[in-house]
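Chain by chain, the residues:
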Amino acid sequence: MAARPPSPVRQQAEQLIRAGQHAKARAILERALKRDPKDVVLNKLLVSVLSAVGDHQRAAFHLERLAGLLPRDPLILGSLAETLLRLGRADDAERVARKVPSIGPQAAPLAGQLASVMLSSDRHACALELGDWAFEHVPSDARTAGYAAAARIFAGDHAGGAEALRSTTAARAQDPDLQRDTLLLMLYCGEFSPEETFVAHKRYGELMAARTPPSPPLPRDPEGVLNGDRPLRVGYISQDFRNRSAGHFIEGIVEHHDRARVEPWCYSHQLRRDELTDRVRAHAAGFREIQGAPDDAVDRVIRADNIDVAVDLTGHTGLNRLGVLARKPAPVTATYMGYAATTGLGAIDYRLVDAHTDPDPGANALATEELIRLDPCFLCYTPPSHAPDVTERAPDAPITFASFNTFAKITDEALKAWAEIVRAVPGSQLLVKNAGLKDPWLADRFRARFERLGGDPDRLETMGETPTAAEHMGLYGRVDIALDTFPYNGTTTTLEAAWMGVPAVTLAGESHVARVGVSLLKNLGLDDLIGGGTDGYVRAAVSLAGDTGRRRSLRRDLRERVRRRLCDFGSFVPILEEAYRSMWDRVAREH
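Residues numbered from 1 in each chain as written. Predicted model: local features only at pLDDT ≥ 70, side-chain atom pairs only at ≥ 80, totals over all residues. Heavy atoms only, no water.

Moving on, we come to empty space enclosed by the protein. Remark: the empty space left among the atoms is shown by a probe the size of a water molecule rolled over them. Summed over the entire model, instances satisfying the criterion amount to two cavities of 30 Å³ or more. Here the largest cavity defines a volume of roughly 90 Å³. In this structure, the largest cavity is lined by Ala402, Ser403, Phe404, Asn405, Tyr476, Ala482, Leu483, Asp484, Thr493, Thr494, Ala497 and Ala504. Examining the composition of the lining of the largest cavity, we find that three residues originate from one element, helix H21 (residues 492–499), more than from any other. (1 Å grid on protein atoms, 1.4 Å probe; cavity = no way out; pocket = protein on both sides within 12 Å on 5 of 7 lines; lining within 4 Å. Points joined across faces, edges and corners; volume = space filled by probe spheres on them. Helix = DSSP H or I, 4+ residues; strand = E, 2+ residues; numbered from the N terminus.)

Okay, here's the thing in structure tokens:
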């Protein structure tokens, strides 16, 4: 039987949509649906129009109508769940998402995607159930395995996450997008060795090199930089020109560049903007918005700006633009600060680290880039302006250990060590705060996990996000000692704690991701708070807990120590500029 031709209303609406005339298409579709509200095709078209213009409230209405008409259509249920989340209706979104498995195994790939969506809204129980169900039904699908792995890791099951990733290693190794989705997750898991993690990153780089079309050659010395005719033009590519952790390291660099030596340009691919964005824009010689632009278009923009050194500040996190760097948009390319491992991309020449995070020579074998060491520390920090003054702890207050790190960084190995530390210090308490723990299900699961690993749940306090950043910083007034996570160390959390007079204890690992704490504490003169293994980590924390005089001294003096040693952009930026000049001179003279 021949298919019915599309109705005139549908044809007219589709033409208007293609022409970008969404308002006219909406009016036509809404009139038609008043006559026949059960027309599936017109409802779907109207949903696409409403979503395009950002009217998610009306889009949800029509998706709910479609779900009533087609209750076993997984795509409709998935779209409805995502739209409800955009509207802040998380409970309704979860209710819809949980219906997907009832459709049957054919819905497994969509269930995996929904696991990722629910995870982004801290609905960990739903994410874990959907991810595991999907993985059970399509265990050979690498994308679904990745969704399941993420749900497991962000629920505290790192071993289960590693198992899901390993089960589809061969399939991932054939697709750069699937391989990329593995990499950050691997850093969270102690189940992967540094060498295994490096091999996975390197394979991603090989796949990207094969997929990336060749780029036109770049000029050897555009506009005479070698002769000093103009300053070096450095382009920073980031999603973090805003008020979040990485932004507090980036802003000071852009602000303090000596314009006679380096001209900073910024290429922003972030979704949100704030006052920090405005400050960075004011300091930059050029500020380009590249969110949503294709990689080849961004490559052309950077080339047209005659950037000498293109610096990636994102790595394999978030909305990264490594596809741009793979095209080598500048004579020199580098990666810096935003990711705690190699990118794996052969098109990136250098990676900026220090001798503590990446000691020579062992670390060289874990990077595809050449390592440039910015000693004594690869970072410089802008403390938060909203931080309150440091307050003294009451003499009779029980010792409080704390971690404010991302939940996924808390491995069983770290949590077992924390349980041992609390047991060893009579009357002590542990405060764990992060965004994930606002989910009551995850908080209960974490408490049970702490008890299973030897901790007393009555001595554990969990907390989600505070209403304001100032309140977050103020919580350090309750804390005596910060406990760093491992193998994935904290960075901003360690510095925030120190700024509030709270020293951290860290464990020295074998690669950059597990040695950032080493660099920060060595630069603060706190070498004895670096454990060479789990036993040393526990001893360091217990010893400091018993040294009241030292804790009081550090609480009084640590902020000034941070200010002098890790916040001096006037001293740090010339070292960074010299590194850029060295990279540039070497590449320019070789060609």
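The strand order across the open sheet formed by seven strands is S3-S2-S1-S4-S5-S6-S7, and the pairing between neighbours is parallel. At either margin of the open sheet sits one strand with a lone partner, and together these are strand S3 (286–289) and strand S7 (370–373). Averaged over all adjacent pairs, the angle separating strand axes in this sheet is 25°, with direction ignored. Direction of pairing for strand S2 (residues 262–268) relative to S3: parallel, over a ladder of four bridges. Its bridge partner being in S3, Tyr267 is matched across the sheet by Arg288. With respect to the sheet, helix H15 (residues 275–283) is in contact with S2 and S3, its orientation differing from that of S3 by roughly 130°. (Pairing = 2+ DSSP bridges. Axes fitted to C-alpha atoms, helices over the stretch in contact; angles between N-to-C directions. Contact = heavy atoms within 4.5 Å.)

Moving on, we get to the nonpolar core. Ranked by size, the top nonpolar core spans 178 residues in total, and within it Tyr236, Tyr336, Phe401, Tyr537 and Tyr580 carry the most contacts. The biggest single contributor to this core is helix H25 (residues 569–590), with 10 residues. When residues no more than four places from it in sequence are discounted, the contact partners of Tyr336 are Ile253, Val311, Asp312, Leu313, Leu352, Leu374, Phe378, Leu379 and Phe572. Within the second largest apolar cluster, 13 residues are counted, among which are Ile28, Ala32, Leu33 and Leu50. (Core = buried A, V, L, I, M, F, W, Y, C linked by side-chain atoms within 4.5 Å. Buried < 20%, exposed > 50% of the residue type's maximum accessible area, 1.4 Å probe, protein only.)

Within the secondary structure, Ala397 is located in the loop between S7 and strand S8 (400–403). Judged by its relative accessible area of 25%, Ala397 falls in the partly exposed class. For Ala397 and Ala142, which are 255 residues apart along the polypeptide, the C-alpha to C-alpha distance reads 50 Å.

So, about the pairing of strand S10 (residues 460–463). Sheet topology places strand S9 (residues 429–433) next to S10; four bridges connect them, and they run parallel. Considered in S10, the bridge of Leu431 is made with Glu461. On the question of chirality, the crossover connecting S9 to the parallel S10 by way of helix H19 (residues 440–452) is right-handed. (Right-handed = clockwise from strand over helix to strand, strands pointing away.)

Time to look at the side chain of Glu577. For Glu577, the location among the structural elements is in helix H25. Of note is the side chain of Glu577, whose polar atom sits 2.9 Å from the side chain of His257. In this structure, Glu577 is in contact with His256, His257, Asp258, Arg261 and Val262, ignoring residues within four places of it in sequence. (Polar contact = N/O pair within 3.5 Å; in protein donor to acceptor, adjacent residues only side chain to side chain.)

Another point: unusual backbone geometry. In this model, Asp360 is joined to Pro361 through a cis peptide bond whose omega is 5°. Looking at the secondary structure, you find Pro361 in the loop between strand S6 (350–353) and S7. The phi dihedral of Met337 falls on the positive side, at around 65°, and the residue is not glycine. Structurally, the position occupied by Met337 is in the loop between strand S5 (332–336) and S6. Taking relative accessible area as the criterion, Met337 reaches 17% and is therefore assigned buried.

Moving on, we get to the packing of helix H7 (residues 108–120) against helix H8 (residues 124–137). Following both chains from N to C, one finds H7 and H8 inclined at 155°, their axes separated by 8 Å at the closest point. As the angle between them shows, H7 and H8 are arranged roughly antiparallel. In terms of crossing hand, the pair formed by H7 and H8 is left-handed. Facing Ala108, Ala111, Gly112, Leu114, Ala115, Met118 and Leu119 of H7, the residues of H8 in contact are His124, Cys126, Ala127, Leu130, Gly131, Trp133, Ala134 and His137. (Parallel < 35°, antiparallel > 145°, perpendicular 65-115°, else oblique. Left-handed = near helix turned anticlockwise from the far one by under 90°.)

On to the side chain of Asp299. Tracing the sequence through the fold places Asp299 in helix H16 (residues 295–304). The class for Asp299 is buried, based on a relative accessible area of 6%. Beyond its immediate sequence surroundings of up to four residues, Asp299 is in contact with Ser215, Val324, Arg327, Lys328 and Pro329.

Let us look at the layout of surface pockets. If you add up the space inside the second largest pocket, you get close to 490 Å³. Lining the second largest pocket are 28 residues, with Phe192, Pro194, Ser511, Val513 and Ala514 positioned closest to its centre. Those elements that provide at least two residues to the lining of the second largest pocket are helix H12 (176–188) and helix H13 (194–211). Here the lining of the second largest pocket takes three residues from H13, the largest share from any one element.

Before going further, it helps to spend a moment on the environment of Thr168. Assignment of secondary structure puts Thr168 in the loop between helix H10 (158–167) and helix H11 (169–172). Once residues lying within four places of it in the same chain are set aside, the contact partners of Thr168 are Pro139, Ser140, Asp141, Ala142 and Ala145.

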